[in-house]
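# Commentary on secondary and tertiary structure
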Amino acid sequence: MTTIDAPRTPSRPARRGGVNWEKWGWIYMRASGLVLIILIFGHLLINLVLGQGVRQIDFAFIGGKYATPFWQVWDLLMLWLALIHGGNGMRTLVNDYAYNRVVNRVLKWAILAAVVILVVLGTLVIFTFDPCPAGAPADLVASFCPVH
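Quick summary incoming for the structure in this document. (Residues numbered from 1 in each chain as written. Predicted model: local features only at pLDDT ≥ 70, side-chain atom pairs only at ≥ 80, totals over all residues. Heavy atoms only, no water.)

## Notes on the packing of helix α1 (residues 21-49) against helix α3 (residues 69-97)
Two numbers describe a pair of packed helices, the interaxial angle and the distance between the axes. Closest axis-to-axis distance for the α1/α3 pair is 9 Å, and the angle between their directions is 140°. As the angle between them shows, α1 and α3 are arranged oblique. The element α1 and its partner α3 pack so that their crossing is left-handed. Partitioning the contact of α1 with α3 into residue classes produces 16 nonpolar, 9 polar and 3 charged. (Axes fitted to C-alpha atoms, helices over the stretch in contact; angles between N-to-C directions. Helix = DSSP H or I, 4+ residues; strand = E, 2+ residues; numbered from the N terminus. Parallel < 35°, antiparallel > 145°, perpendicular 65-115°, else oblique. Left-handed = near helix turned anticlockwise from the far one by under 90°. Nonpolar A, V, L, I, M, F, W, Y, C, P; charged D, E, K, R; others polar.)

Okay, here's the thing in structure tokens:
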């Protein structure tokens, strides 16, 4: 028997045409995991180790960070990669343990909805954050904000 004539078994399903989404999901998990390690440890280093540590984190600190495109992109990458990474991991768990087709589909749609909502809300926060809100006390805002 040649490999072409080999019988189909559960461990060797028939190959359909099109994109192999499971393979690309697996590759994404490895690549995003590597990038997330760098992003998260950089985030922790800047926020908790350098400077005054956790005491420095207040509205002015965040306002100062989000006033620069570098930190906006850094946090945006961390947000998107982490949420999609987590959503893909949850999808894998649902595929592994939700045997009922309806339950499987409902759970996967719920995961997709949660990821999309959180990505949209997080992205809006990052790009619409006002480091100098009108009427805020001068001691709470970043040092570059004009005094009102």
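## Considerations on the packing of aromatic side chains
Scanning all chains against the criterion turns up 4 aromatic pairs. The interplanar angle of 80° and the centroid separation of 5.6 Å between the aromatic rings of Tyr66 and Phe129 together place this pair among those described as edge-to-face. A residue pair is termed long-range when its members are at least 10 positions apart, and Tyr66 in helix α2 (residues 59-66) and Phe129 in the segment after α4 (101-128) qualify at 63 residues. When the centroid spacing of 5.7 Å and the interplanar angle of 45° are considered together, the rings of Phe70 and Trp74 count as tilted. Pair noted here: Phe70 and Trp74 are both in helix α3, with a separation of 4 residues, about one helical turn. Looking at Trp74, the relative accessible area reads 17%, which means it is buried. Aromatic ring contacts, followed pair by pair, group Phe70, Trp71 and Trp74 into a single cluster. If you follow Lys65 out to its NZ or CZ, it ends over the ring of Trp71, 4.8 Å from the centre. (Phe/Tyr/Trp six-rings, centres within 6.5 Å; stacked < 30°, edge-to-face > 60°. Buried < 20%, exposed > 50% of the residue type's maximum accessible area, 1.4 Å probe, protein only. Lys NZ or Arg CZ within 6 Å of the ring centre and 35° of its normal.)

## Some thoughts on α3
Relative to the 42 Å expected for 29 residues at 1.5 Å per residue, α3 spans 42 Å between its end C-alpha atoms, a close match to the ideal helical length. Looking only at α3, the buried set comprises Trp71, Gln72, Trp74, Asp75, Leu76, Met78, Leu81, Leu83, Gly87, Asn88 and Val94. Residues of α3 that are buried in the fold lie against α1, α2 and α4. (Expected span 1.5 Å × (residues − 1). Contact = heavy atoms within 4.5 Å.)

## A word on the side chain of Gln72
Mapped onto the elements of the fold, Gln72 is located in helix α3. Classification of Gln72 as buried rests on a relative accessible area of 14%. Residue contacts for Gln72: discarding those within four places in its chain leaves Tyr66, Ile126 and Phe127.

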